[in-house]
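# Observations on chain architecture
This is what each chain is made of:
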Amino acid sequence: MWKFLVKRLCLSVVILFFVALIVYTIMRCIPTSYIERLARERASLPGSKSYLEWLAQLEAIYHMDVGIPKGFILWLGDALHGNFGDSWYYNVPVMEKFKSVIWDSFYLSAISFVLEIVIAIPLGILSARKQYSKTDYTITVIALIGISLPTFFFATLLKLGFSIKLGWFDLYGKVGRYYNQLSSVGQFFDVVRHFVLPVLTLTIVSIGFMMRYTRTNMLEVLNSDYIRTARAKGLSESRVINYHAFRNTLIPIVTLVGGTLPGLFSGAMITETLFQIPGIGWTSYQAMVSGDIPFSMFYMIFMAVLTLLGTLLSDILYAVVDPRVRVN
């Protein structure tokens, strides 16, 4: 296992290097430049240097005055030391801005993920056990609705119903207008109240696929020979389902669980934007549309790292849930 991990980590480093090179090349080829706008703004200040002087100085700071290969090596050297430069849009170091927004996205995604697992897997198993029954059809309809609903449409419906019509929740934001006047407990519940609709949105639009995936794999397992043998031996139905069938159903689900790692930290860009939750998804969206290359570069490399770690985690979990899977 250790040899496998070392081999995969070395391969991940090579893949990450080429991903970073491709991303850097694309970023450098973007026609719009925030540096030019920033140079114009600073050159317009009283007693300031000329536009060309500011442009040359800013390009030197961000290694934009050299070719792509040399610029990439310089950027990579800084990145390996944890220095991704200053965000052009937010005017703070990239890592400082990242640390201030990442946890909002993590809490939002983690809560939604736990609810998705708790709801989708039991309902998928129940649907498979009662195949072609009213329960199965009801769960299938709910799953298809969840799969079909676009995030922006469902979020708009929730805001219309619970915010505008009923007035239970605010339309957007992480905290209310009287947040600073509340006690610590009141501030906590104020944040929770603002997270209800975003969490509900992410959960509903995500459970459908997991429910259908669980149902399909459970049906395949229930039709296996060893399940019929277990029933023929007189084992109770609950033991057949919960002990024999469920453990084998987990094997393909592990792929989905490992693939959710990037989502826990990458943020839900559409949901965060609709509800104006200041997470990493909303922050990266604002940075990208404004041409903030340093922050956009960091975000895409961060996503690549999470994807590689998620794939590695899936391979490790295979061996955990299935003793037959071993790495030679």
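Conventions used here
- Residues numbered from 1 in each chain as written.
- Predicted model: local features only at pLDDT ≥ 70, side-chain atom pairs only at ≥ 80, totals over all residues.
- Heavy atoms only, no water.
- Helix = DSSP H or I, 4+ residues; strand = E, 2+ residues; numbered from the N terminus.
- Rg over C-alpha atoms; globule rule 2.2 N^0.38 Å.
- Buried < 20%, exposed > 50% of the residue type's maximum accessible area, 1.4 Å probe, protein only.
- Contact = heavy atoms within 4.5 Å.
- Areas by Shrake-Rupley, 256 points an atom, 1.4 Å probe, with all protein chains shown as cover.
- Core = buried A, V, L, I, M, F, W, Y, C linked by side-chain atoms within 4.5 Å.
- Axes fitted to C-alpha atoms, helices over the stretch in contact; angles between N-to-C directions.
- Parallel < 35°, antiparallel > 145°, perpendicular 65-115°, else oblique.
- Nonpolar A, V, L, I, M, F, W, Y, C, P; charged D, E, K, R; others polar.
- Phe/Tyr/Trp six-rings, centres within 6.5 Å; stacked < 30°, edge-to-face > 60°.
- Lys NZ or Arg CZ within 6 Å of the ring centre and 35° of its normal.
- Patch = residues over 30% accessible without salt bridge, like charges linked within 9 Å, V, L, I, M, F, W, Y side chains within 5 Å.
- Salt bridge = Lys/Arg side-chain N within 4 Å of Asp/Glu carboxyl O.
- 1 Å grid on protein atoms, 1.4 Å probe; cavity = no way out; pocket = protein on both sides within 12 Å on 5 of 7 lines; lining within 4 Å.
- Points joined across faces, edges and corners; volume = space filled by probe spheres on them.
- Left-handed = near helix turned anticlockwise from the far one by under 90°.
- Polar contact = N/O pair within 3.5 Å; in protein donor to acceptor, adjacent residues only side chain to side chain.

### Remarks on the overall build of the protein
- The helix and strand tally for the protein stands at 14 helices and zero strands.
- When its helices and strands are written in sequence order, the protein yields α-α-α-α-α-α-α-α-α-α-α-α-α-α.
- Whereas a compact globule of 328 residues would reach a radius of gyration of roughly 20 Å, the protein reaches 25 Å, over 25% beyond that.
- With respect to the three principal axes, the spread of C-alpha positions in the protein is 90 × 60 × 35 Å.
- Going through the 328 residues of the protein one by one, you find that 39% of them count as buried.
- If you take every contact in the protein between residues at least 6 apart in sequence, the share linking residues at least 24 apart comes to 70%.
- Surface accessibility of the protein: about 18400 Å² in total, with carbon and sulfur atoms responsible for 67%.

### Describing the nonpolar core
- Ile-35, Trp-75, Phe-84, Phe-98, Ile-280 and Met-297 are the most contacted members of the largest nonpolar core, which has 31 residues in total.
- Of all the secondary structure elements, the ones that give two or more residues to this core are α1 (2-28), α2 (34-43), α3 (51-61), α4 (68-80), α5 (94-129), α13 (280-289) and α14 (293-321).
- Setting aside anything within four residues of it in sequence, one finds Trp-75 in contact with Ala-20, Tyr-24, His-63, Phe-84, Met-297 and Ile-301.
- With 19 residues, the next largest nonpolar core counts Ile-121, Ile-207, Met-218 and Ile-241 among its residues.

### Looking at the packing of α5 against α13
- For the pair α5 and α13, interaxial distance at closest approach is 7 Å and the crossing angle is 135°. The angle between the axes of α5 and α13 places the two elements in the oblique class. Facing Lys-97, Phe-98, Val-101, Ile-102 and Ser-105 of α5, the residues of α13 in contact are Ile-280, Gly-281 and Thr-283.
- Looking at the contact of α5 with α13 residue by residue, the classes come out as four nonpolar, three polar and one charged.

### Focus on the packing of aromatic side chains
- Scanning the entire structure with this criterion turns up 20 aromatic pairs.
- Ring geometry for Tyr-89 against Tyr-90: centres 4.8 Å apart, planes inclined by 85°, an arrangement best described as edge-to-face.
- The class of Tyr-89 is partly exposed, set by a relative accessible area of 36%.
- Among the aromatic residues, ring-to-ring pairing joins Phe-17, Phe-18, Tyr-24, Phe-72, Trp-75, Phe-84, Tyr-89, Tyr-90, Phe-98, Phe-295, Phe-298 and Phe-302 into one connected group.
- The residue whose ring lies beneath Lys-97 is Tyr-90, and the NZ or CZ to ring-centre distance is 4.4 Å.

### Points about a nonpolar patch on the surface
- A cluster of nonpolar side chains, Trp-103, Tyr-107, Ile-111, Val-114, Leu-115, Val-118 and Ile-119, forms an exposed patch at the surface whose accessible area comes to about 640 Å².
- Note on Ile-119: relative accessible area 32%, which makes it partly exposed.

### Some thoughts on empty space enclosed by the protein
- Under the defined criterion, the tally for this structure stands at one cavity of 30 Å³ or more.
- In this structure, the largest cavity spans a volume of roughly 60 Å³.
- As for the largest cavity, its lining consists of Phe-169, Asp-170, Leu-171, Tyr-172, Gly-173, Arg-193, His-194, Leu-197, Pro-198, Phe-275 and Ile-277.
- Looking at which element gives the most residues to the lining of the largest cavity, the answer is helix α8 (residues 184-222), with four residues.

### Observations concerning the packing of α5 against helix α6 (residues 134-148)
- Contact pair α5 / α6: the axes reach a minimum separation of 8 Å and the direction vectors enclose 140°. What the angle tells us is that α5 and α6 run oblique. Judged by the twist between their axes, the crossing of α5 over α6 is left-handed. From α5, Leu-123, Leu-126 and Ser-127 reach across to α6, where they touch Thr-135, Asp-136, Ile-139 and Thr-140.
- When the residues that make up the contact of α5 with α6 are grouped by side-chain class, the tally is three nonpolar, three polar and one charged.

### Details of the side chain of Ser-284
- Tracing the backbone through its elements, the reader meets Ser-284 in helix α13.
- A relative accessible area of 0% places Ser-284 in the buried class.
- A polar contact of 2.9 Å, which involves the side chain of Ser-284, links it to the backbone oxygen of Gly-281.
- Discounting chain neighbours no more than four positions away, the residues touching Ser-284 are Met-269, Phe-295 and Tyr-299.

### So, unusual backbone geometry
- Of note, Asn-91 is a non-glycine position whose phi angle comes to about 60°, a positive value.
- Within the secondary structure layout, Asn-91 lies in the loop between α4 and α5.
- Assessed through its relative accessible area of 63%, Asn-91 is described here as exposed.

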